[in-house]
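Observations on the model geometry
This is what each chain is made of:
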Amino acid sequence: MAVSARLKRETEARLTRFCRAKGISKTEAIERGIELLIEQDRGQAHPAYLAYRRLTLVAEAPARAQKRSSDAMRAAIRAKYPD
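Read on for a plain summary of the structure. Nothing here was measured: the structure is a model prediction, and the numbers come from that model. (Residues numbered from 1 in each chain as written. Predicted model: local features only at pLDDT ≥ 70, side-chain atom pairs only at ≥ 80, totals over all residues. Heavy atoms only, no water.)

1. A closer look at the packing of helix α1 (residues 9–22) against helix α2 (residues 26–42)
- Direction vectors running N to C along α1 and α2 enclose 105 degrees, while the axes themselves pass 9 Å from each other. The angle between α1 and α2 places the two elements in the roughly perpendicular class. Judged by residue contacts, Glu 12, Leu 15, Thr 16 and Cys 19 of α1 engage Lys 26, Ala 29 and Ile 30 from α2. (Axes fitted to C-alpha atoms, helices over the stretch in contact; angles between N-to-C directions. Helix = DSSP H or I, 4+ residues; strand = E, 2+ residues; numbered from the N terminus. Parallel < 35°, antiparallel > 145°, perpendicular 65-115°, else oblique. Contact = heavy atoms within 4.5 Å.)

2. Quick look at the layout of surface pockets
- Taken as a whole, the second largest pocket encloses approximately 330 Å³ of empty space.
- Around the second largest pocket, the lining residues are Met 1, Ala 2, Val 3, Ser 4, Ala 5, Leu 7, Leu 15, Lys 26, Thr 27, Ile 30, Glu 31 and Ile 34.
- Of all the elements, α2 adds the most residues to the lining of the second largest pocket, at five residues.
- Taken together, the residues of the lining of the second largest pocket break down into eight nonpolar, two polar and two charged. (1 Å grid on protein atoms, 1.4 Å probe; cavity = no way out; pocket = protein on both sides within 12 Å on 5 of 7 lines; lining within 4 Å. Points joined across faces, edges and corners; volume = space filled by probe spheres on them. Nonpolar A, V, L, I, M, F, W, Y, C, P; charged D, E, K, R; others polar.)

3. A few points about a nonpolar patch on the surface
- Among the surface-exposed residues, Ile 30, Ile 34 and Ile 38 lie close enough to one another that they form a single nonpolar patch of about 230 Å² accessible area.
- Topologically, Ile 38 is positioned in helix α2. (Patch = residues over 30% accessible without salt bridge, like charges linked within 9 Å, V, L, I, M, F, W, Y side chains within 5 Å. Areas by Shrake-Rupley, 256 points an atom, 1.4 Å probe, with all protein chains shown as cover. Salt bridge = Lys/Arg side-chain N within 4 Å of Asp/Glu carboxyl O.)

4. Details of α2
- Here α2 spans 24 Å end to end across 17 residues, near enough to the 24 Å set by a 1.5 Å rise per residue.
- Taken together, the buried positions of α2 are Ala 29, Leu 36 and Glu 39. Buried residues along α2 cover an arc of 90 degrees about the axis, so they all sit on one side. Away from its buried face, by an angle of more than 90 degrees, α2 presents the exposed residues Thr 27, Leu 37, Asp 41 and Arg 42. (Expected span 1.5 Å × (residues − 1). Buried < 20%, exposed > 50% of the residue type's maximum accessible area, 1.4 Å probe, protein only. Arc of directions from axis to C-beta.)

5. Focus: the pattern of salt bridges
- Under the criterion given, the structure shown has three salt bridges.
- A salt bridge links Arg 32 to Glu 28; the nearest nitrogen and oxygen atoms lie 2.4 Å apart. Taken as a pair, Arg 32 and Glu 28 lie in helix α2 at a separation of four residues, close to a single helical turn.
- Since its relative accessible area comes to 27%, Glu 28 is described here as partly exposed.

6. Overview of the environment of Leu 7
- Among the structural elements, Leu 7 can be located in the segment before α1.
- For Leu 7, the residues in contact, after removing those within four places along its chain, are Glu 12 and Leu 15.

7. Quick word on the side chain of Thr 16
- As for its position among the elements, Thr 16 is in helix α1.
- Within the structure, Thr 16 has its side chain in polar contact with the side chain of Glu 12 (distance 2.8 Å). (Polar contact = N/O pair within 3.5 Å; in protein donor to acceptor, adjacent residues only side chain to side chain.)

Scope: geometric values only; no functional claims are made or implied.
Put into structure tokens, the structure is as follows:
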């Protein structure tokens with residue numbers, strides 16, 4: 001479905017820079033942002049989980065040889081608050 005939105009120049013420039021830096025399309029960034037807003041509005045997701053989701057707008061980093069404690073925390077949050 002096509003949707004049109006009028007953005008301020010600075011907002012559009014920030015979106016463009018963000019997408020270029022993260023290697024994602026504007027559509028994907030906007031869709032993920034909308035999902036975060038909906039989750040937050042429903043109160044279904046913990047604020048820490050929402051912050052984590054904001055950081056994962058980038059494709060997942062390659063698996064590391066050692067599992068860090070932050071990886072364990074992410075796994076626990078995912079288990080408690082599934083998508």
